[in-house]
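Okay, here's what each chain looks like letter by letter:
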Amino acid sequence: MSAEFPYVRPRRLRRSPAMRRLVAETRLHPAELILPAFVSEGIAEPRPITSMPGVLQHTRDSLRKAAVEAAEAGVGGIMLFGLPEVKDAVGSEGTNPDGILQQAIRDVVAEVGDRLVVMSDLCLDEFTDHGHCGVLAEDGSVDNDATLARYAEMAVVQAEAGVHVVGPSGMMDGQIAVIRRALDEAGHQDVSVLAYTAKYASALYGPFREAVNSSLKGDRKTYQQDPANAREALRELELDLAEGADLVMVKPAMLYLDVLRQVADASPVPVAAYQISGEYSMVEAAAANGWIERERTILETLTSIRRAGAEQILTYWAVEAARMLKQQ
Ligand code: PBG
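Throughout what follows, the structure given in this document is the object of discussion. Keep in mind it's a predicted model, so treat the numbers as computed, not measured. (Residues numbered from 1 in each chain as written. Predicted model: local features only at pLDDT ≥ 70, side-chain atom pairs only at ≥ 80, totals over all residues. Heavy atoms only, no water.)

Per the counting criterion, the structure on display carries one cavity of 30 Å³ or more. Considering only enclosed or pocket space, the largest cavity measures out at about 120 Å³ in volume. Together, 16 residues line the largest cavity, and D125, K199, Y205, F208 and K251 are the ones closest to its centre. Here the lining of the largest cavity is composed, by residue class, of six nonpolar, three polar and seven charged. (1 Å grid on protein atoms, 1.4 Å probe; cavity = no way out; pocket = protein on both sides within 12 Å on 5 of 7 lines; lining within 4 Å. Points joined across faces, edges and corners; volume = space filled by probe spheres on them. Nonpolar A, V, L, I, M, F, W, Y, C, P; charged D, E, K, R; others polar.)

Below you can see the structure in the form of structure tokens.
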């Protein structure tokens, strides 16, 4: 008996690259990656974002080129964030038909709209001078229902610009229903809604604040979810589905893989995850110090997010990862 021990040898399936490739349960494909991209009004040259090495605030021109690159790399989609020159209390530029985000949508749709799914952030924080995702009540709190009216307007303006998918990221109650209704009433039944369903009040959004020139003081804890809670993600999922979400999302990704798994198990619609700015920056910083292998880490993070149940991944490495995957 002892000669036969161990009876089972799992290492047989790990012995060669070919064998490991054959039995891999999780595969990444460029088509499921979505590139988040920032476009800024009033800059002559693309501007580096210090806390996100390799990521830029684009000009309209450089954004078009980046979109073409993404399409050529086989990336599946692009999520646009607009940075206006002028901000105010209600985020007026977010609903200006000629605002920077709407211009960028038109540019990118014209350039690669047949090859990439074009998505836009539907939120007020890039456009408000106080930096919150909604409009404020007199006492300074974020006014849920007044914000919904702004989101409805934004959805229609983005749809008129030609966007394929809107991404409401503000965590207001009822936002999916209001946006769906506004789109339908304006004749935009074909525009999809990617709901930021479980979005947590994370410390890892830090670099994004620099990326969008955010003026936020304080935090978003009264509207984004508490990191301590997983169950309410399922409640948010039920609500978003009932309100008409076409796709749902969990965000951030790496610290919330358990939530992602639960949402993926419960969702009848595609589940995306957003690997956010801080997740990107932590890896880049450690790699720049020579403490971790950069490319290996990137692919491991994406594989883990995929394994936990995400079918689409928003990642600032989308183009680079797509190229790595093509070479494999
Ligand atoms: C809100 C929005 C945020 C991100 C995407 N949409 C910021 C926030 O909620 O504070 C963060 C993305 C990232 O950190 O990469 N418009």
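Our next topic: the pairing of strand β9 (residues 271–274). Within a regular beta strand, the side chains point alternately toward one face of the sheet and then the other, so they alternate between its two faces. Every second residue of β9 is oriented toward a common face, with V271 and A273 on one face and A272 and Y274 on the other, all of them buried. As paired strands, strand β8 (residues 247–251) and β9 are joined by three bridges and run parallel to one another. What sits directly across from M249, in β9, is A272. This β-α-β element, β8 to helix α8 (residues 257–266) to β9, shows right-handed connectivity. (Buried < 20%, exposed > 50% of the residue type's maximum accessible area, 1.4 Å probe, protein only. Helix = DSSP H or I, 4+ residues; strand = E, 2+ residues; numbered from the N terminus. Pairing = 2+ DSSP bridges. Right-handed = clockwise from strand over helix to strand, strands pointing away.)

Applying the stated rule across the entire model yields 10 aromatic pairs. Among the aromatic residues, ring-to-ring pairing joins F38, F81, Y196, F208, Y274, Y280, Y316 and W317 into one connected group. Residue placement shows K199 over the ring face of Y205; its charged tip is 5.5 Å from the ring centre. The ring of Y274 has K251 lying over it, and the distance from NZ or CZ to the ring centre is 4.4 Å. (Phe/Tyr/Trp six-rings, centres within 6.5 Å; stacked < 30°, edge-to-face > 60°. Lys NZ or Arg CZ within 6 Å of the ring centre and 35° of its normal.)

What follows is about the site of the ligand. By nearness alone, 17 residues border the ligand, and D125, K199, R209, K251 and Y316 come closest of all. Within the side chain of R209, a nitrogen or oxygen atom sits 2.6 Å from an oxygen atom of the ligand. In this structure, an oxygen atom belonging to the ligand sits 2.6 Å away from a side-chain N or O atom of Y316. Taking 410 Å² as the accessible area of the ligand by itself, protein coverage stands at 100%. Placement of the ligand is best described as lying within the largest cavity. (Near = heavy atom within 4 Å. Polar contact = N/O pair within 3.5 Å; in protein donor to acceptor, adjacent residues only side chain to side chain. Areas by Shrake-Rupley, 256 points an atom, 1.4 Å probe, with all protein chains shown as cover. Sits in = over half its atoms within 2 Å of the grid points.)

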